[in-house]
Amino acid sequence: MNVTSADGTTIFFEQRGDGPPVILVGGAFNDRTTTVGLAEVLAGDFTTIVYDRRGRGDSGDSAEYAVEREIEDIAALIAQVGGTASVFGHSSGAVLALEAAAAGLPIERVVAYEPPYATDEHPRDVVAEVRARLAAGDRDGAVATFLKVAGTPEEMIEGMKQAPVWGWFTALAHTLPYDLTIVGPDARPRTENLARIKVPALVIGGGASDDTLQAGARAAAAAVPGARHETLEGQDHGVLQYPETLKPLLTDFLK
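The structure contained in this document is the topic of the report that follows. Nothing here was measured: the structure is a model prediction, and the numbers come from that model. (Residues numbered from 1 in each chain as written. Predicted model: local features only at pLDDT ≥ 70, side-chain atom pairs only at ≥ 80, totals over all residues. Heavy atoms only, no water.)

A closer look at unusual backbone geometry
So the rule is basically this: Helix and strand definitions follow DSSP, with helices as H or I runs of at least four residues and strands as E runs of at least two, each counted in order from the N terminus. Residue burial is assigned from relative accessible area. The probe radius is 1.4 Å, only protein chains are included, and a residue is buried under 20% of its type maximum, exposed over 50%, and partly exposed in between.
One non-glycine residue, Phe 29, lies in positive phi territory at about 65°. By the element assignment, Phe 29 lies in the loop between strand E3 (21–25) and helix H1 (36–42). For Phe 29, a relative accessible area of 9% puts it in the buried group.

Shown next as structure tokens:
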């Protein structure tokens, strides 16, 4: 199914289940297929909506990118499913979900899993570098640059290049500047925005994630008035591969 965003961009989505609507927002290297598992796990209690963020899968795109356009995409989906919805976001999609709530969209509840905020070291601003590599047709270099800044060891990146997942990464490389823009040049929580969130918020960190991701989740929760913070033991940033582990927390909070 399709919905048209405010700027005329077509956004493709799928809907499952029955109950209060929940929109699932993926992060970098994600399209709707990576959130389907969670959608199916939650579909017994909720109407779940997975979608291709602009520039991915079957959705369209615009010539100029702005975070506001992605917020408008979520607004169009909310209107499509009845005018209000809860939103779950993972990684940079978690930042996008929080920014959508801060913008005053008719969001009932918002859940953010490991928004990749930095609390100690400032990662270098790589948007221009990634864009330059993409402009030169170097999708491999764009992906490698992004992964290095995300903290992936060089030897692991080299191993990924030999695996089928690398083709998936390079196919979505053109959307990496979008995720980097959402998180921001220094990856710091936009506390003035987060302080405007007036709806119930849950921020989750994985107990098996590195200290930086766990600290980022805590910082986000501290910046949102009244937000609840939880640690999901045994899980890390790859939690979408194990969606059943999220079900108890999400079902309890969203209902």
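Overview of the sheet that holds strand E2 (residues 10–17)
The condition is simple: When DSSP finds two or more bridges between a pair of strands, those strands are recorded as paired. The axes are straight lines fitted to the C-alpha atoms, using for helices just the contacting stretch, and the angles between their N-to-C directions are given from 0 to 180°. Contacts are assigned to residue pairs with any non-hydrogen atoms lying within 4.5 Å of each other.
Reading across the sheet, the eight strands line up as E1-E2-E4-E3-E5-E6-E7-E8 and stay open at both edges, with mixed pairing between neighbours. At either end of the open sheet lies a strand with only one pairing partner, and these are strand E1 (2–4) and strand E8 (228–232). Going from strand to strand, the sheet's axes swing by 25° on average, the running direction of each strand aside. In this sheet, strand E4 (residues 47–51) lies alongside E2 in antiparallel orientation, the contact comprising five bridges. Bridge pairing in E4 links Gly 17 to Thr 47. Against the sheet, helix H10 (residues 211–223) engages strand E7 (201–206) and E8, with an angle of about 170° to E7.

Quick notes on the packing of helix H5 (residues 139–149) against helix H6 (residues 154–161)
Note the threshold: With the far helix as reference, a near helix turned anticlockwise by less than a right angle produces a left-handed crossing, and one turned clockwise produces a right-handed crossing. Any residue that is not Ala, Val, Leu, Ile, Met, Phe, Trp, Tyr, Cys, Pro, Asp, Glu, Lys or Arg is counted as polar, Gly included; the first ten are nonpolar and the last four charged.
Remark: H5 packs on H6, axes separated minimally by 10 Å, with the N-to-C direction vectors making an angle of 145°. H5 and H6 meet at a crossing whose hand is right-handed. Contacts between H5 and H6 involve Ala 144, Leu 147 and Lys 148 on the former and, on the latter, Glu 154, Ile 157 and Met 160. Considered class by class, the residues forming the contact of H5 with H6 number four nonpolar, no polar and two charged.

Geometric values such as these leave the question of function open.
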